[in-house]
Amino acid sequence: MIHERRFLARWLLGGGFTASIVSFLYPALKFMNPPELPEASVNEVTAGKVQDLKPNSGKIVKFGSRPALLVRLGETEFRAFSAICSHLNCTVQYQESTHQIWCACHNGLYDLNGKVVSGPPPAPLEEYDVRLRGEVVVISRKA
Amino acid sequence: MKGWFHVFLILAALPLAAQDSCLTCHKALEGSLQKPALAFQDDIHAHAGFSCADCHGGDRTSGDMEQSMSRARGFTGKIARGAVPRLCARCHSDAALMHKFQPQQRVDQLAQYQTSVHGKRLAAGDTAVANCVDCHSVHDIRAVRNALSPVHPLRLPETCARCHADPKHMAKYKIDTNQFAQYRGSVHWEALSKRGDLSAPSCASCHGNHGATPPQVASVASVCGTCHVLFEDLYAKSPHKPVFDSMGAAGCVVCHGNHGITKPSSAMLAGPKAVCTQCHDATSAGGVASADMGALIAKLDTALNRSDAVLAQAQNSGMEVSEPWLQQIEGREHLIKARVAVHAFRTAAVNKPVQDGLAIAAATRKAGEDALKERDSRRIGLGISLITIVITMLGLWLAIRALEARPPGEGLGVGG
Amino acid sequence: MPESETPKQVGESWLEERLGLASIKEFAAHKTVPVHSATIWYYFGGITLFLFVIQVLTGILLLLYYRPTTTEAYESVQFIVTRVPFGWLVRSIHSWSANLMILMAFIHMFSVVFLHAYRRPREITWLSGIALLGLALGFGFSGYLLPWNKVSYFATKVGTDMAASVPVVGEQIARFLRGGAEVGGATLTRFFGFHVAVLPGLTTVLLVVHLALVQKFGMSSPPWLKDVKLAQMKFFPNFFLRELMAWYAALGVLGSLAAIFSWELGEKADPFASAPAGIRPEWYFLAPFYTLKLIPSHVLHIEGELLGLLGFALLAVWWVALPFWASARDGTLRTRWVQGAAVALIAYLVTFSALGYWR
């Protein structure tokens, strides 16, 4: 009887112990394996490839938790701004005909330096740095 | 006694006479003779070096009342109400003069005023209408951007209301006096007074200031459209414009009102407080379109709110859902676009942004549901590891019992 | 010529020649634990140690992704919790285990007091234990700032401000802690250094001393059983198997807390925002925190806060010196005094922590 108990005990102990160790090691090992996106993007964001944006056009990209407006002026000249209008937080857009940034909500206009040209916005748009890493456009906060 | 007092003052003031004898004497007087002199200290004209004599005539250098207030020297005394605009315009319409003080200063105020209802009536002899000093004040005139000026954006409505909200004053013109009260209940006043948004419109923004006239029926949409550009564009291309024009109805005002404009909502499209049903029969094309548009917008609103609820639930269970929350902002922008599209008064125009928004709401709802599923799978994972832990503990307990070959608590290895 | 040995025996004798573990094995085989009604309290030191090991392991894992700068700390924790597989689990375990470890340390300390295990010749064990408790609180205080959220920023501000009110050297102490005049990036760097290098180093040294002394003197039996011949349980395997059961139970509790009550991320710290209402430190600092709140700003021309800190200092010195005043000159133990003091201290800590939490 004692031997049977010992046998059962040994199996439960061994099996349970192994299983529990596996249930601890499995998450730990998965944790150590870096995820697809290896870093938190806080101050810098890739905004697609150069070819994705035609000259004299703009597009909205995500920058951290906020939208940003990327404008391609010429072959190599890019500008980027926070896309949040300083009036009532609508998302602005690039106007190709006037080379200005326009807010559809109350007709606010900004120039390509982010300064207010006309309309209700009380403050300029925050400007970001844009650099090219090969083919990739990278937007980052100004130092 | 008074005479001696005056002589004393004059003698005392002699050294200062070169500055401005009008002010010097009048400051020492009392009551209504003293008030303007004290007020003038705050006047923008005084800061620019002007004196009472520049409007009232007379000689500012002389301390002698006979001389300083002599008709021969141009003294005009109290200025007649009808003469005020021309008097101000003597300088304010002189470009060469004004540009010495402010190069960008406009000099067309009198010309504008003469086109206004106020100006025309004044010219016809009605002195009860507003002239320059009624709005800009007199003797303590401040720059428009000075918060104490009666024509500062935050104070302008109550300045206009001084007459326009006074039933006794307006009775003879047969003009309503409810505009100010209505305006105070409007979104625009709320933006101005509560948010401090000085770009929000007040009386002068739509009516003009010097050339104040109500916008004509045909031009109301253009007036609103100076800020609300997209709405004017859509309205102009919509079926409503030709119809309203032919009816003599004032565009935006028909549905939104003019002075008491409140925050619009889907309730205006469908339901008991709907605006559309005031003209459109429920079975007519317009009635059906308004009901459809209302239904689409309500559908998107509901879908977005449902996603909000799921995401909130996930977040409260400890799941991290900041990405879908951000997408919800984008989804809400489509809702705004849909509400804008209503002004094309065609269901198809509203449908597109609604579908885009519904796609986003579906995605965020799925993200929230996935987060809840992940939470559940975590609990299952926990359950599995708890089971292994319990099994191991059971195994340990049995091992202990087996080792000690007696119920636990007695004989624990080396005997006592 | 030795008879042919099994591979196992060959291996063992190879190691024995080079490491000389036979004496340790001897010691381990003979180590026993007294069995009596209070034996259950013997487990709490081991549980505290176990939880500390969990902290080290989960801490090392978190180190793989954490970044100690004001612009990246919060975001890196957010990254761990949202993007790294099981990151939420590792982080929650680390936060929960920290709290459980400090709780277990307090229970262990009070059980030592009630069983009078601090008495001669174990005074240095007591002193090293108190130092370890202090280090644990230091771990808690420094680690709490690292996620750089609103709660942790303001809790650190309150804590360092309290340090500044120490007379004469207070400002310098506060400056040293903060790395400057204000809580900011410098504080974060410093606290990170304390948390992952300085405190672990000191803890390791003190742990070795503490554990070595426990091995040296064995488990203490309560004084009222000193004339009784107590049954003894072998440490290996009997007590150890039971200890494993306790550790597994602790794991179960820890895992459940971490999975069901995930540790919050909070909002990123904003040094320019005003403190949110109801800011308070972690629970293990609540009692002194609330006490200081209660003391009026001036008592007989002395600054209230100063009086409070003085009170805590005296209380600490008195408590640390427990083994020395607990023994009378003739060697008898002032057990009633000690029990009374311990009960009073527990009552104070529990009451004021509760008040600090709910007020």
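Visitor: Can you break down the overall build of chain B residue by residue, with the values?
Guide: The number of helices and strands found in chain B is 23 helices and zero strands. Relative to the compact-globule value of 22 Å for 416 residues, chain B shows a C-alpha radius of gyration of 37 Å, a clear excess of over 25%. In terms of overall dimensions, chain B has a C-alpha envelope of 130 × 80 × 40 Å along the principal axes. Relative to all contacts within chain B whose residues are 6 or more apart in sequence, the contacts with residues 24 or more apart total 55%.

Visitor: Describe the overall build of chain A, naming the residues involved and giving the relevant values.
Guide: Check the secondary structure of chain A and you find one helix and ten strands. Ordered by position from N to C terminus, the α and β elements of chain A give α-β-β-β-β-β-β-β-β-β-β. Here the C-alpha atoms of chain A give a radius of gyration of 27 Å, more than 25% beyond the 15 Å that 2.2 N^0.38 yields for 143 residues. If one aligns the C-alpha atoms of chain A with their principal axes, the spans along those axes are about 95 × 35 × 25 Å. Looking at chain A as a whole, 24% of its 143 residues are labelled buried.

Visitor: Any details on the interface of chain A and chain B? Residues and values, ideally.
Guide: Taken together, the contact pairs 19 residues of chain A with 23 residues of chain B. Each residue belonging to the side of chain A that touches chain B can be placed in one class, and the counts come to nine nonpolar, eight polar and two charged.

Visitor: Which residues make up the sheet that holds strand β4 (residues 78–82) of chain A, and what values do they have?
Guide: The strands making up a sheet associate through backbone hydrogen bonding, with each pair oriented either parallel or antiparallel. Residue and element names in this part refer to chain A. Read across the open sheet, the six strands follow the order β1-β10-β9-β4-β3-β2; overall the sheet is antiparallel. Of all the strands in the sheet, the pair left with one neighbour each is β1 (44–49) and β2 (57–63). Within the sheet, the average angular offset between the axes of one strand and its neighbour, ignoring direction, is 30 degrees. In this structure, β2 lies alongside strand β3 (residues 66–72), joined through seven bridges in antiparallel fashion. Residue pairing in the sheet places Lys62 in a bridge with Pro67 of β3.

Visitor: Got a sec to walk through the sheet that holds strand β8 (residues 116–118) of chain A? Specific residues and values, please.
Guide: Residues and elements named next belong to chain A. Taken in spatial order, the four strands make up an open sheet running β5-β6-β7-β8, and their pairing is antiparallel. The open sheet has two edge strands, β5 (93–95) and β8, and neither has a second partner. Ignoring which end each strand starts from, the neighbouring axes of this sheet average 40 degrees apart. Two strands pair when backbone bridges link them, and β5 and strand β6 (residues 100–103) are joined in this way by three bridges, in the antiparallel orientation. The residue bridging Tyr94 from the neighbouring strand is Ile101, located in β6.

Visitor: Please give an account of the interface of chain A and chain C that cites residues and values.
Guide: Contacts between the two partners involve eleven residues from chain A and, on the opposite side, 15 residues from chain C. Residue composition of the side of chain A that touches chain C, grouped by class: eight nonpolar, two polar and one charged.

Visitor: Which residues make up the pairing of β3 of chain A, and what values do they have?
Guide: Residue and element names in this part refer to chain A. Most of β3 is tucked away: five of the seven residues are buried. Two elements, β3 and β4, share five bridges in a ladder whose sense is antiparallel. Looking at the pairing, Arg72 lines up with Phe78 of β4. Between β3 and β4, which pair antiparallel one after the other, the connecting turn spans five residues.

Visitor: Lay out unusual backbone geometry in plain terms, naming residues and giving numbers.
Guide: With omega at 5 degrees, the peptide bond leading from Arg120 of chain C into Pro121 of chain C counts as cis. The topology assignment puts Pro121 of chain C in the loop between α5 (87–114) and α6 (123–145). A cis geometry characterises the amide bond from Phe236 of chain C onward to Pro237 of chain C, with omega recorded as 0 degrees. Summarising the element assignment, Pro237 of chain C is placed in helix α10 (residues 235–260). One non-glycine residue, Asn56 of chain A, lies in positive phi territory at about 60 degrees. Within the element layout of this structure, Asn56 of chain A appears in the loop between β1 and β2.

Visitor: Any details on the domain arrangement of chain B? Residues and values, ideally.
Guide: Residues and elements named next belong to chain B. Looking at chain B, the domain boundaries give domain 1 (215–263) and domain 2 (285–404). Here the C-alpha centre of domain 2 lies 39 Å away from the C-alpha centre of domain 1. Listed by partner, the interface residues are eight residues for domain 1 and four residues for domain 2. Looking at the side of domain 1 that touches domain 2, the element that brings in the most residues is helix α18 (residues 229–237), giving five residues. Across the side of domain 1 that touches domain 2, the residue classes break down as five nonpolar, two polar and one charged.

Visitor: A description of the nonpolar core should follow, citing residues and the corresponding values.
Guide: With 87 residues, the main nonpolar core has Ile47, Leu51, Met101 and Trp148 of chain C as its most contacted residues. Top contributing element to this core by residue count: α5 of chain C, with 14 residues. Beyond its immediate chain neighbours, meaning those up to four positions away, Met101 of chain C contacts Thr48, Leu51, Phe52, Gln55 and Ala136 of chain C. Counting 27 residues, the second largest nonpolar core, distinct from the first, contains Cys252, Ala289, Leu335 and Ile360 of chain B.

Visitor: Which residues make up the pairing of strand β9 (residues 127–133) of chain A, and what are the values?
Guide: Residues and elements named next belong to chain A. Pairing between β4 and β9: two bridges, direction antiparallel. Bridging across to β9, Ala80 finds its partner in Tyr128. In this structure, β9 lies alongside strand β10 (residues 136–140), joined through five bridges in antiparallel fashion. Paired with Val130 across the two strands is Ile139, which belongs to β10.

Visitor: Requested: an account of the packing of α6 of chain C against helix α9 (residues 185–217) of chain C, with residues and values cited.
Guide: All names here are of chain C. Running from amino to carboxyl end, α6 crosses α9 at an angle of 160 degrees, the nearest separation of the two axes being 9 Å. Taken together, the axes of α6 and α9 are roughly antiparallel relative to one another. Here α6 runs over α9; the crossing is left-handed.

Visitor: Give a detailed account of the packing of helix α7 (residues 150–164) of chain C against helix α8 (residues 170–178) of chain C, specifying residues and quantitative values.
Guide: Residue and element names in this part refer to chain C. It is the contact of α7 with α8, at a shortest axis distance of 7 Å, that shows an interaxial angle of 150 degrees. Relative to α8, the element α7 lies roughly antiparallel. In contact with Thr160, Ala163 and Ala164 of α7, α8 contributes Gly170, Glu171, Ile173, Ala174, Leu177 and Arg178. When its residues are assigned to classes, the contact of α7 with α8 shows five nonpolar, two polar and two charged.

Visitor: Report on the confidence of the model for chain B, specifying residues and quantitative values.
Guide: Confidence along chain B averages 87 in pLDDT terms, with 93% of residues attaining 70 or more. This prediction of the complex comes with two scores: 0.70 for pTM and 0.80 for ipTM.

Visitor: Account for the environment of Leu156 of chain B, naming residues and giving values.
Guide: Residue and element names in this part refer to chain B. Residue position: Leu156 is located in helix α12 (residues 156–164). Between the alpha carbons of Leu156 and Cys135 there is a distance of 8.4 Å; along the sequence they are 21 residues apart. With sequence-adjacent residues up to four places away left out, Leu156 is seen in contact with Val151, Ser202, Cys203 and Ala204.

Visitor: Can you lay out the domain arrangement of chain A for me, pointing to particular residues and giving the numbers?
Guide: A common way to express how large an interface is: the accessible area buried when the components associate. On domain assignment, one finds that chain A holds domain 1 (1–33) and domain 2 (44–140). If you average the C-alpha positions of domain 1 of chain A and of domain 2 of chain A, the two centres end up 58 Å apart.

Visitor: Explain the environment of Gly16 of chain A residue by residue, including any values.
Guide: Looking at where Gly16 of chain A falls in the secondary structure, it is placed in helix α1 (residues 2–32). Look at Gly16 of chain A and you get buried, because 21 C-beta atoms sit within 10 Å. Taking C-alpha positions, Gly16 of chain A is 60 Å from Leu88 of chain A, a pair spaced 72 residues apart along the chain. Residues within four places of Gly16 of chain A in sequence aside, it is in contact with Thr388, Ile391, Thr392, Leu394 and Gly395 of chain B.

Visitor: Describe the environment of Cys91 of chain B, with residues and values.
Guide: Residue and element names in this part refer to chain B. One can find Cys91 in helix α7 (residues 84–92). Taking the C-alpha atoms as reference, Cys91 lies 48 Å from Ser238; in sequence the two are 147 residues apart. Setting aside residues no more than four positions away along its own chain, Cys91 makes contact with Leu97 and Met98.

Cut-offs used in this document
- Residues numbered from 1 in each chain as written.
- Chains lettered and ligands numbered in written order.
- Predicted model: local features only at pLDDT ≥ 70, side-chain atom pairs only at ≥ 80, totals over all residues.
- Helix = DSSP H or I, 4+ residues; strand = E, 2+ residues; numbered from the N terminus.
- Rg over C-alpha atoms; globule rule 2.2 N^0.38 Å.
- Contact = placed C-beta atoms within 7 Å.
- Buried ≥ 20, exposed ≤ 12 C-beta atoms within 10 Å, placed from the backbone.
- Nonpolar A, V, L, I, M, F, W, Y, C, P; charged D, E, K, R; others polar.
- Pairing = 2+ DSSP bridges.
- Axes fitted to C-alpha atoms, helices over the stretch in contact; angles between N-to-C directions.
- Domains from an automatic or database assignment.
- Core = buried A, V, L, I, M, F, W, Y, C linked by C-beta atoms within 7 Å.
- Parallel < 35°, antiparallel > 145°, perpendicular 65-115°, else oblique.
- Left-handed = near helix turned anticlockwise from the far one by under 90°.
- pLDDT = per-residue confidence, 0-100.

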